[in-house]
Amino acid sequence: MSNGRLLHCLLVVSLLSGVAHAQLSKNFYEASCPSLETTVRAEMKHAVGKESRIGASLLRLFFHDCFVQGCDGSILLDDGGEKSADPNVNSLRGFDAIDTIKASVEAKCPGVVSCADILALTARDGTFLLGGPYWDVLLGRRDSMTANRSLANTDLPLASASLATLITKFDKQGLSPKDMTVLSGAHTIGMAQCPSFRDRIYNDSNIDASFANQLQKTCPRCGKGSSLASIDTKTPMAFDAAYFQDLIDRRGLFHSDQELFNGGSQDALVRHYSNNPAIFRYDFAKAMIKMGNIKPLTGTAGQIRKNCRIVNHA
Ligand code: HEM
Ligand SMILES: *[C@@H]1O[C@H](CO)[C@@H](O)[C@H](O)[C@H]1NC(C)=O
Ligand SMILES: *[C@@H]1O[C@H](CO)[C@@H](O)[C@H](O)[C@H]1NC(C)=O
């Protein structure tokens with residue numbers, strides 16, 4: 001994308017987002033921590049340079065934070081059981097990276113920047129560094145004092161989810177079916193473990209046969225099967241629209257992915273994004289801002305954690 005074009009997209013995205021939510025703001029830390037965004041970006045460049053997948057893992061971590069009692073950093077707490085909820089346990093990654101970045105931000109601006117906001121910035125930077133769109137992250141979230149395992153089990157979608165279930169779970173968060181489909185485009189990057197796609201490759205009929213056979217070689221029907229597969233089969237660590245072409249080719253890795261292109265309400269949108277990568281990028285950025293606005297703690301609610309894993313002592 002040319003600089004002019006990038007700038008154009010930035011302006012439009014920030015205009016739309018400014019109206020969407022009054023509580024959070026782009027310049028929240030302008031006076032209190034002016035180096036915040038450059039600090040996070042430098043740390044993220046380093047982390048993604050070492051292991052590109054970390055960009056994907058942090059994008060997912062932000063999604064799992066926002067869907068459980070809002071974007072409040074609850075997913076980062078060691079206590080409260082959110083980390084061990086079914087959709088999270090043995091699969092969420094990036095907690096150490098958050099610790100490192102938080103420490104770096106604390107060194108510059110002690111006690112000022114929330115873990116929830118740091119997570120929001122890393123999700124944007126991870127996306128951008130892997131070739132995805134850029135957007136202005138709205139800031140000013142505060143950190144929760146609690147996490148909630150049962151809510152995580154209720155509100156986060158599983159790979160086995162039907163289209164109807166996906167739409168319901170996103171609707172509960174104020175996100176439309178279109179938001180759901182475009183945000184699922186995050187599966188253009190990152191990896192998954194055998195148990196996440198086992199039922200799909202052995203039991204689903206709406207799957208390309210050679211794709212299923214190839215995955216069955218490393219993901220056994222029974223047993224542990226810790227083998228990893230790229231979610232996007234064509235360009236695994238590049239943030240592009242290839243994920244949507246995979247769906248059209250019946251090569252969605254999760255049952256839930258293929259539900260977006262299985263003769264239902266989202267088929268047309270999947271084709272649209274596959275044919276128009278620039279529109280996908282633009283809509284993804286807009287939907288990320290919308291997801292980032294889910295029930296933030298603001299004002300005097302919550303606290304600014306010193307350590308993202310634990311609530312501050314009184
Ligand atoms: C629509 C419902 C969704 C379902 C059912 C779902 C499910 C999953 C599952 C099962 C995995 C693999 C976990 C593992 O095997 O360890 C995964 C990975 C991932 N998900 Fe989703 N997801 C959904 C939506 C999203 C959204 C909205 C985002 C972000 C905006 C996202 C971002 C990611 C990323 C980036 C990965 C790869 C993470 C890594 O490599 O560490 N997903 N997802
Ligand atoms: C956790 O969420 C459930 C709803 O699933 C709610 O009934 C419960 O009060 C919440 N617990 C805490 C500690 O917030
Ligand atoms: C596939 O479906 C069968 C029958 O419903 C079930 O017993 C099995 O656990 C499913 N998964 C796999 C990986 O075979």
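Conventions used here
Residues numbered from 1 in each chain as written. Chains lettered and ligands numbered in written order. Predicted model: local features only at pLDDT ≥ 70, side-chain atom pairs only at ≥ 80, totals over all residues. Heavy atoms only, no water. UniProt positions renumbered as here; feature names shortened; annotations may be inferred. Helix = DSSP H or I, 4+ residues; strand = E, 2+ residues; numbered from the N terminus. Buried < 20%, exposed > 50% of the residue type's maximum accessible area, 1.4 Å probe, protein only. Contact = heavy atoms within 4.5 Å. Near = heavy atom within 4 Å. Polar contact = N/O pair within 3.5 Å; in protein donor to acceptor, adjacent residues only side chain to side chain. Areas by Shrake-Rupley, 256 points an atom, 1.4 Å probe, with all protein chains shown as cover. Nonpolar A, V, L, I, M, F, W, Y, C, P; charged D, E, K, R; others polar. Donors = N, O, S within 2.8 Å, 3.2 Å for Na, K, Ca; no water. Phe/Tyr/Trp six-rings, centres within 6.5 Å; stacked < 30°, edge-to-face > 60°. Disulfide = S-S within 2.5 Å. Domains from an automatic or database assignment. Buried area = accessible area lost by both parts, 1.4 Å probe. Expected span 1.5 Å × (residues − 1).

Naming follows an unreviewed UniProt entry, where the protein chain appears as Peroxidase of Lolium multiflorum. UniProt annotates the protein chain under Function (unreviewed entry) with the comment "Removal of H(2)O(2), oxidation of toxic reductants, biosynthesis and degradation of lignin, suberization, auxin catabolism, response to environmental stresses such as wounding, pathogen attack and oxidative stress. These functions might be dependent on each isozyme/isoform in each plant tissue."

Among the structural elements, L166 can be located in helix α7 (residues 163-172). Note on L166: relative accessible area 6%, which makes it buried. Taking the C-alpha atoms as reference, L166 lies 8.2 Å from P177; in sequence the two are 11 residues apart. Those residues in contact with L166 that lie beyond four places of it in its chain are P157, A161, M180, S256 and L260.

A few words on the site of ligand 3. Around ligand 3 sit R198, D199, Y202, N203 and R221, and that is every residue in its neighbourhood. In the environment of ligand 3, a nitrogen atom lies 2.8 Å from a nitrogen or oxygen atom belonging to the side chain of D199. The side chain of R221 places a nitrogen or oxygen atom 2.7 Å from an oxygen atom of ligand 3. Protein contacts shield 44% of the accessible area of ligand 3, which totals 360 Å² for the unbound molecule. In the shell around ligand 3, the residues fall into 1 nonpolar, 1 polar and 3 charged.

Another aspect to go through is the coordination of the iron atom of ligand 1. Of all protein atoms, H187 (NE2) alone acts as a donor to the iron atom of ligand 1, lying 2.1 Å away. Tracing the backbone shows H187 in the loop between α8 (177-184) and β1 (191-193).

To continue, consider the packing of aromatic side chains. A complete count under the given rule lists 13 aromatic pairs for this structure. A centroid spacing of 5.0 Å and a plane angle of 75 degrees characterise the contact between F244 and F280, whose relative ring orientation is edge-to-face. Here the residue F244 occupies a position in helix α11 (residues 242-248), and F280 occupies one in helix α14 (residues 277-292), the gap between them amounting to 36 residues. Across the pair, F280 and F244 agree in class, each one buried. Put simply, the rings of W135, F239, Y243, F244, Y273, F280 and F284 touch in pairs and so form one group of aromatic residues.

What follows concerns the state of the cysteines. Overall, the coordinates contain 4 disulfides when judged by the stated rule. The disulfide partner of C66 is C71, and the gap between their sulfur atoms is 2.1 Å. Taking the sign of the S-S torsion, 115 degrees for the link of C66 and C71, the bridge is right-handed. Here C66 and C71 have matching classes, each one buried. The residue that forms a disulfide with C194 is C219, at a sulfur-sulfur distance of 2.0 Å. The disulfide joining C194 to C219 has a torsion of about 75 degrees about its S-S bond and is therefore right-handed. With a gap of 25 residues between them, C194 in helix α9 (residues 194-203) and C219 in the loop between α10 (209-216) and β2 (228-230) connect regions that are remote in the sequence.

Our next topic: the UniProt feature "active site" (unreviewed entry) in the protein chain. When the UniProt feature table is mapped onto this chain, "active site" (unreviewed entry) is found at H64. On the secondary structure map, H64 appears in helix α3 (residues 53-66).

Before going further, it helps to examine the domain arrangement of the protein chain. Taken domain by domain, the protein chain consists of domain 1 (3-156) and domain 2 (163-282). Taking only C-alpha atoms, the centre of domain 1 and the centre of domain 2 are 23 Å apart. Listed as interface residues are 22 residues of domain 1 and, on the opposing side, 17 residues of domain 2. Summed over the three residues of domain 1 that lose the most area to domain 2, namely R53, F67 and L130, the buried surface amounts to 34% of that side.

Between its first and last C-alpha, α3 extends 20 Å over 14 residues, near the 20 Å set by a 1.5 Å rise per residue. Most of α3 sits out of view: 12 of its 14 residues are buried. Of all the residues in α3, the buried ones are R53, I54, G55, A56, S57, L58, L59, L61, F62, H64, D65 and C66. On its buried face, α3 sits against α2 (36-50), α4 (95-108), α5 (115-129), β1, β2 and α14.

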